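Residue-level structural notes
Here are the chains, one letter per residue:
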Amino acid sequence: MLGEFTRRLAEAGHTGLRPLHGMAFQALKGPGATAVELAERLGVTKQAAGQIVDDLEKRGYVRREPHPEGGRRKLVVLTGAAEAHLADAGRILHELETELGRSADLGVLRGELGRVLRALGGEGPLPPLRPVW
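Values in this document were obtained by computation on a predicted structure and should not be read as measured data. (Residues numbered from 1 in each chain as written. Predicted model: local features only at pLDDT ≥ 70, side-chain atom pairs only at ≥ 80, totals over all residues. Heavy atoms only, no water.)

**Points about the packing of helix α5 (residues 80-101) against helix α6 (residues 106-121)**
- The N-to-C vectors of α5 and α6 enclose an angle of 105 degrees; their axes lie 9 Å apart at closest approach. For the element pair α5 / α6, the angle class is roughly perpendicular. Residue-level inspection shows Glu97, Leu100 and Gly101 of α5 in contact with α6, the latter providing Leu106, Leu109 and Arg110.
- Residue composition of the contact of α5 with α6, by class: 3 nonpolar, 1 polar and 2 charged. (Axes fitted to C-alpha atoms, helices over the stretch in contact; angles between N-to-C directions. Helix = DSSP H or I, 4+ residues; strand = E, 2+ residues; numbered from the N terminus. Parallel < 35°, antiparallel > 145°, perpendicular 65-115°, else oblique. Contact = heavy atoms within 4.5 Å. Nonpolar A, V, L, I, M, F, W, Y, C, P; charged D, E, K, R; others polar.)

In structure tokens, the structure reads:
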């Protein structure tokens, strides 16, 4: 399913992006975040978050702006290209879920996935998603 999702995103003009990038876009939605906040949200080091921001900035998906509270911190915000990616990704995900729902019970699949995650991670809150490079 991830392969088909990525293929359809590429067809929509979003080539060269990985699931990691989509996770960063989700973490930056709204008012944006500092690189340190992005690192916390993604569960990666500050250095890794800085590399993600540098890469996305070069590609035109984010920009750094002065932080509203001043100081040396920078706010990382999404550009129109990232917003377009999120819109296309959401549309494609819903299409795939609809197609899958024609041949499988999504409620059952989600329940089983939840049981697998709980078996691997124990009781309590589900572990945060971690990006894969």
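**A look at the pairing of strand β2 (residues 74-78)**
- Counting buried positions along β2 yields 4 of 5 residues, so the element is predominantly enclosed.
- Bridge analysis of strand β1 (residues 62-66) against β2 gives 5 bridges, and the strand direction is antiparallel. Paired with Arg64 across the strands is Val76, a residue of β2. (Buried < 20%, exposed > 50% of the residue type's maximum accessible area, 1.4 Å probe, protein only. Pairing = 2+ DSSP bridges.)

**Concerning the environment of Arg64**
- Inspection of the secondary structure puts Arg64 in strand β1.
- Spatially, the C-alpha atom of Arg64 lies 9.6 Å from that of Ala33, the residues being 31 residues apart in sequence.
- Among residues more than four places away in sequence, those in contact with Arg64 are Gly50, Val53, Asp54, Glu57, Lys74, Leu75 and Val76.
- Of note is the side chain of Arg64, whose polar atom sits 2.7 Å from the side chain of Asp54. (Polar contact = N/O pair within 3.5 Å; in protein donor to acceptor, adjacent residues only side chain to side chain.)

Coordinates in, geometry out; function isn't part of it.
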